[in-house]
Amino acid sequence: MIFLSKGLGTFSSVAYLVLAARGLGATDLGIVILIHSFMALITQIMAFKSSEVLIKYGAAYIRENLFDKFQRLVKLTLALDLASGFFGALVGMVLMQFLGTQFGLPDEAVLLASLYCMVILLNVSATPNGILQLFNRFDLIAYQMQVEPVTRLIGTATAFYMGAPWQIYLLV
């Protein structure tokens, strides 16, 4: 199941890149990719791997029927995820303000790129994924892996057929 979902995700990603390239041209596509890549980099650097903590200690709590401790652990890991997401968004926004033009972004793109760093908050998925892994729900993880690329493909196709500017592609 996960193999098929990765295949669908890869196909969707390639398809939306083709549509974006044709709809935007090299310069505007470069702006979108640079902004998105910066956000993804900050997300990876600032992410707290709470799923590992949750799986290691949560499995023992569940096995021993210590659900109150498991619940506290989930609250802790979720708080850590949200704190790292908030801090990552803040760091990304500040860095983009200082380095955006150094990266080659036009001045009018820097503010939007800084605001786009707030997407880091939406990338908090370590605790939910850890919970799904603990309960052997890898099927749901496989479905969840499809949401972003398929949604982005639908949004990009819509933007492409509307002749939208790069700012709309970035929102997708």
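Residues numbered from 1 in each chain as written. Predicted model: local features only at pLDDT ≥ 70, side-chain atom pairs only at ≥ 80, totals over all residues. Heavy atoms only, no water.

### Here's the deal with the packing of aromatic side chains
The final tally for this structure, using the stated rule, is three aromatic pairs. Summarising the aromatic geometry, the rings of phenylalanine 70 and phenylalanine 135 are spaced 6.3 Å apart at their centres and angled 80 degrees between planes, so their arrangement reads as edge-to-face. Of the two residues, phenylalanine 70 is situated in helix H4 (residues 67–99) and phenylalanine 135 in the loop between helix H6 (126–134) and helix H7 (138–162); the sequence distance between them amounts to 65 residues. Given the relative accessible area of 46%, phenylalanine 135 is considered partly exposed. Ring centres 5.0 Å apart and planes at 85 degrees place the aromatic pair phenylalanine 160 and tyrosine 161 in the edge-to-face group. When its relative accessible area of 67% is taken as the criterion, tyrosine 161 is described as exposed. (Phe/Tyr/Trp six-rings, centres within 6.5 Å; stacked < 30°, edge-to-face > 60°. Helix = DSSP H or I, 4+ residues; strand = E, 2+ residues; numbered from the N terminus. Buried < 20%, exposed > 50% of the residue type's maximum accessible area, 1.4 Å probe, protein only.)

### Some thoughts on helix H3 (residues 50–63)
Helix length check: H3, at 14 residues, gives a terminal C-alpha distance of 19 Å against a target of 20 Å (1.5 Å per residue), a fit within 8%. Largest kink in H3: about 30 degrees, centred on tyrosine 57. Of all the residues in H3, the buried ones are Ser50, Ser51, Leu54, Gly58 and Ile62. On its buried side, H3 packs onto H4 and H6. Remark: asparagine 65 follows H3 within two positions and exhibits a positive phi of approximately 55 degrees. (Expected span 1.5 Å × (residues − 1). Bend = angle between axes of the 7 residues up to and from the residue. Contact = heavy atoms within 4.5 Å.)

### Some remarks on the confidence of the model for the protein chain
Confidence along the protein chain averages 90 in pLDDT terms, with 97% of residues attaining 70 or more. Looking across the protein chain, the model is least confident in helix H1 (residues 2–24), with a mean pLDDT of 82, and most confident in H4, with 94. (pLDDT = per-residue confidence, 0-100.)

### Observations regarding the packing of helix H2 (residues 26–46) against helix H5 (residues 107–116)
Between H2 and H5, the shortest axis-to-axis distance is 9 Å and the interhelical angle comes to 35 degrees. Between H2 and H5 lies a crossing whose hand is right-handed. Between H2, through Ile31, Ile35, His36 and Met39, and H5, the contact on the second element is made entirely by Ala109, Ala113 and Tyr116. Of the residues that constitute the contact of H2 with H5, the class distribution is six nonpolar, one polar and no charged. (Axes fitted to C-alpha atoms, helices over the stretch in contact; angles between N-to-C directions. Left-handed = near helix turned anticlockwise from the far one by under 90°. Nonpolar A, V, L, I, M, F, W, Y, C, P; charged D, E, K, R; others polar.)

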